[in-house]
Amino acid sequence: MIQIGHKFKAMASRHSTIKQILFTAMATVLVASRLLCSSANAADSSTDWQSEWQRVAAAAKKEGKVVVSVPPGAELRKALKEGFERRFGIELELVTGRGSTIVKKIADEHRAGMQFFDVHTGGSGAIIYGLAGIVDPVEPQFILPEVKDPKNWWGGHLYVDKGNRYAYSFLAFVQEAIWYNTELMKPEEVRAYDDLLHPKWKGKIGYSDPRAGGAGQGNWTFLWRTKGEEFLKKLVQQNLVIMREERPLAELLVKGSLAITIGLDIDNFGPFVKADLPVKPLPQIKDGTYPVTGSGTLAVIKNPPHANASKLFINWLLSREGQETYQKALGEPTRRLDVDSPKEPYAVRPAREFMTVEQYHRLESHSEEKQESIRKPAIAAAQRLLN
C-alpha cells in the first residue's frame, strides 16, 4: 500500500510539473504576441504620421505660403521667417501689430467673406473675445509625435478657452514687472505691496495703465484678487503716474522722476540695463506672484486659405526647434520641457520654476473662466478708481 501511495504521489507531482511548464509556455507566447502586436502598432503609427506629414508638406508646397499674425518685434519676425522658410522652402508671410488691432482686422475680413489670415499668435484675451466663432480646433492640426505628446509640455496640453479646443497656450512664465531706480530706492524698503503706501512714495510710483491690458492689467488683477479693492483705493491715492505708452514710463524711472514702476519688464528696460543705468527689477516680494501666458496663445482661423501650410507651420512652431526660436526672439519662456530656460540677466522666468501645475491653474487670470470671474471685475474697478 505504501509503495502504491508513493507511485500516486510521483505521478501527481509529474502532472503538476507538466501543467506548470505548459502554463509558462502559454504565458510566454501570450506576452510575445502582445509585444509583436505592440511593435506592429507602433510601426503602423510611425508610418501613419510620417505619411501624413509627407502628404501635408507636399500640399503646402503647392499652396506656396502661410499667413500668420504675430506680436510686434523685428527680432521675432526675422527669426520665425528665416527658421520656417529655411526648413520648408515655403513663404511665411508675417503680419505684426498690437493684438487687439490685428484680431479686429481678422474678424472684420472674415465677416466680409475675405480669407487672408491662416494662424494668429498673441495674448489670450484678444483671441477669446475677438475671434470667438471664427476659429478651428487646434489639436487636429498636430501631426509630429513631439508636438502631440503631452509629456513634452509642462502641464500637458493647455487651452485658455472654456471648451479647451480653440486657444492653445504654449508659453507660461512669471514676469519681473516691478522695477526700481537704485539711486532712489533700496529693495529692502519695499518687501510687500503695503510698503508702497508709505508717504515717501507719493507721486513716485509709475503704473502701466491697467485698463489697456498687458502686465499692468495683470498686476492690477492680482492685487484686486489678493489685496482687495480697498487696498487699490489707497494705492491710487499715492498719485500714481499712469501711462499707456510704456517707453516714456520707463524713461521716467531711468531719469529719476519715478522711484518705482509697475507693469513694465525687461523688454522695456533692456537697453537701459545694457547701458548700466540705475534700474533693476525688484526682488520678489512677500505677497507672491502670478503666472501669465504673455503672447503665447495660438489660434487657427476657420477654413484657412492655406490649410496645409498652416498645419506645417503650427507643427514647426510647437516643435522643440520652433519653441526655441520663439522663446529666444521674444524672451518669453515656453512650456516645452525640452527647451532650456533663458539664461540672460533679468530674463523672464518659466512658471515651472516658481509653482506647481495645480498652483498655476489656481493663480492664473488669463483663461476665459478667470477672465470672466476675476479679470473683468478687476478692470471694472480700475475704471471706477482711475477715470
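Residues numbered from 1 in each chain as written. Predicted model: local features only at pLDDT ≥ 70, side-chain atom pairs only at ≥ 80, totals over all residues. Heavy atoms only, no water.

A. Spotlight on the pattern of salt bridges. Throughout the structure, instances matching the rule amount to 23 salt bridges. Salt-bridge contacts for E93 lead to K65; the nearest nitrogen and oxygen are separated by 2.8 Å. Residue E93 is located in strand β2 (residues 91-96), and its partner K65 is located in strand β1 (residues 65-70); the two are separated by 28 residues in the primary sequence. For K65, a relative accessible area of 23% corresponds to the partly exposed category. (Salt bridge = Lys/Arg side-chain N within 4 Å of Asp/Glu carboxyl O. Helix = DSSP H or I, 4+ residues; strand = E, 2+ residues; numbered from the N terminus. Buried < 20%, exposed > 50% of the residue type's maximum accessible area, 1.4 Å probe, protein only.)

B. Main features of the sheet that holds strand β8 (residues 205-208). Spatial strand order, β9-β8-β10-β7-β11: 5 strands in an open sheet with mixed pairing. One side of each edge strand has no neighbouring strand; the edge strands of this open sheet are β9 (241-243) and β11 (279-281). Ignoring strand direction, the axes of neighbouring strands in this sheet form an average angle of 20 degrees. Sheet topology places β8 next to β9; 3 bridges connect them, and they run parallel. Looking at β9, one finds that S208 is bridged to M243. (Pairing = 2+ DSSP bridges. Axes fitted to C-alpha atoms, helices over the stretch in contact; angles between N-to-C directions.)

C. Spotlight on the packing of helix α8 (residues 246-255) against helix α9 (residues 266-274). The geometry of α8 relative to α9 is characterised by a closest axis approach of 10 Å and an angle of 40 degrees between their N-to-C directions. With respect to their mutual orientation, α8 and α9 come out oblique. The hand of the α8/α9 crossing is right-handed. Residue-level inspection shows E246, R247, A250, E251, L253 and V254 of α8 in contact with α9, the latter providing N268, F269 and F272. Counted by class, the contact of α8 with α9 contains 5 nonpolar, 1 polar and 3 charged residues. (Parallel < 35°, antiparallel > 145°, perpendicular 65-115°, else oblique. Left-handed = near helix turned anticlockwise from the far one by under 90°. Contact = heavy atoms within 4.5 Å. Nonpolar A, V, L, I, M, F, W, Y, C, P; charged D, E, K, R; others polar.)

D. Inspection of the pairing of β8 at higher detail. Residues I205 and Y207 point to one face of β8 and G206 and S208 to the other, with burial holding for every one of them. Strand direction decides the pairing type here: β8 and strand β10 (residues 260-262), joined by 3 bridges, are parallel. Its bridge partner lying in β10, Y207 is registered against I262.

E. Broad picture of helix α10 (residues 307-317). When you tally the buried positions in α10, you get 10 out of 11 residues, the bulk of the element. Residues of α10 that are buried: N308, A309, S310, K311, L312, F313, I314, N315, W316 and L317.

F. Structural detail: the pairing of β1. Most of β1 sits inside the fold, with 5 of its 6 residues counted as buried. Pairing of β1 with β2 involves 6 bridges; the strand directions are parallel. When the sheet's bridge partners are listed, V66 is paired in β2 with L92. Handedness of the crossover joining β1 and β2 through helix α2 (residues 74-88): right-handed. In this sheet, strand β3 (residues 119-122) lies alongside β1 in parallel orientation, the contact comprising 2 bridges. Each residue of the ladder has a partner; that of S69, found in β3, is H120. (Right-handed = clockwise from strand over helix to strand, strands pointing away.)

G. Molecular detail of the environment of I128. Residue position: I128 is located in helix α4 (residues 124-130). On the basis of relative accessible area, I128 is assigned to the buried category, the value being 8%. Spatially, the C-alpha atom of I128 lies 9.9 Å from that of T297, the residues being 169 residues apart in sequence. Aside from chain neighbours lying at most four places away, what touches I128 is V160, H366, S367, E368 and Q371.

H. Inspection of the environment of E332 at higher detail. One can find E332 in the loop between α11 (320-330) and β13 (349-350). A relative accessible area of 10% means that E332 is categorised as buried. With sequence-adjacent residues up to four places away left out, E332 is seen in contact with L171, F173, T293, G294, S295, G296 and Q327. From its side chain, E332 meets the backbone nitrogen of S295 in a polar contact 3.0 Å long. (Polar contact = N/O pair within 3.5 Å; in protein donor to acceptor, adjacent residues only side chain to side chain.)

I. A look at helix α13 (residues 368-386). At R375, α13 shows its maximal bend, which comes to roughly 35 degrees, and the proline P377 appears one to four places after that position. Listed as buried for α13 are E368, K370, Q371, I374, R375, A378, I379, A381, A382 and L386. In this structure, the buried residues of α13 make contact with α4, α6 (214-226), α7 (229-236), β9 and α12 (357-363). (Bend = angle between axes of the 7 residues up to and from the residue.)

J. Geometry of the nonpolar core. Formed by 76 residues in total, the largest nonpolar core has its most connected members in L80, F84, F170, L235 and F313. In terms of residue count, the dominant contributor to this core is α10 (6 residues). Setting aside residues up to four positions removed in sequence, L80 forms contacts with V70, L92, L94, W316, L317, T325 and Y326. If you look at the next biggest cluster of nonpolar residues, it comprises 16 residues, including I106, F117, I134 and I301. (Core = buried A, V, L, I, M, F, W, Y, C linked by side-chain atoms within 4.5 Å.)

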